[in-house]
Amino acid sequence: MNDTIRLTGVRARGNHGVFDHERADGQEFVVDVAVEVDARAAAGTDDLDRTVHYGVLAEQVVAEIERDPVDLIETLAERIAAAVLTHRAALATEVTVHKPQAPITVPFTDVSITIRRERTVEHDAAVHSGAAGSGARA
């Protein structure tokens, strides 16, 4: 059984989207992250290095939102998940990217994508070779 660290409502401005005005003007994105960890080692030793530092994680999420634009929130979610899984203690993650100001012509509250990614042997090999993360345009 794994434990979960949750980071909810991280907000930052990004220029993601398929329309020119989204790229030019930008908009706020909101991200929720759940990180599966085994907290026993950190709890037993009271050692921050044996868990995921949620302050650092929040800064990484903001950096991913603010970096070079992509068309799809699916791509942004993948980037964030890849950043989460660079943390040694992260076993899996669930990332939700909200785009509350999406250019939709009918009244709505929110649009979001939720993805779940787990650490894999391939991911660990990519991290150790320096190839972690996703720069793909979607």
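Each remark here, short or long, concerns the structure printed above.
Residues numbered from 1 in each chain as written. Predicted model: local features only at pLDDT ≥ 70, side-chain atom pairs only at ≥ 80, totals over all residues. Heavy atoms only, no water.

Undergrad: Explain the pairing of strand 3 (residues 92-98) to me, please; I cannot follow it from the model alone.
TA: Looking down a regular strand, the side chains alternate between one sheet face and the other. Across the seven residues that make up strand 3, a large majority, six, are buried. The pairing of strand 2 (residues 27-37) with strand 3 spans seven bridges and is antiparallel. Note on strand 3: the bridge partner recorded for Asp 32 is Thr 96. In the sheet, strand 3 pairs with strand 4 (residues 112-118) via seven bridges, with the strands oriented antiparallel. Within the sheet, the bridge partner assigned to Val 95 lies in strand 4 and is Ile 115. (Buried < 20%, exposed > 50% of the residue type's maximum accessible area, 1.4 Å probe, protein only. Helix = DSSP H or I, 4+ residues; strand = E, 2+ residues; numbered from the N terminus. Pairing = 2+ DSSP bridges.)

Undergrad: How do you make sense of the environment of Ile 113 when you look at a structure like this?
TA: Among the structural elements, Ile 113 can be located in strand 4. Separated by 36 residues in sequence, Ile 113 and Ala 77 have C-alpha atoms that sit 7.4 Å apart. What Ile 113 contacts, discounting residues up to four positions off in sequence, is Ile 73, Glu 74, Ala 77, Val 95, Thr 96 and Val 97. (Contact = heavy atoms within 4.5 Å.)

Undergrad: Explain the sheet that holds strand 1 (residues 3-14) here, please?
TA: What holds strands together in a sheet is hydrogen bonding between their backbones, with the strands either parallel or antiparallel. With antiparallel pairing, four strands are arranged side by side in an open sheet as 1-2-3-4. Edge positions in the sheet fall to strand 1 and strand 4, since each has one partner strand and no second. With strand direction ignored, the average angle separating the axes of adjacent strands in the sheet is 15°. As defined by bridge partners, strand 1 adjoins strand 2 across 10 bridges and the pair is classed as antiparallel. Bridged to Val 10 within strand 2 is Val 31. Across the face of the sheet, helix 3 (residues 54-66) comes into contact with strand 1 and strand 2 while running at roughly 35° to strand 1. (Axes fitted to C-alpha atoms, helices over the stretch in contact; angles between N-to-C directions.)

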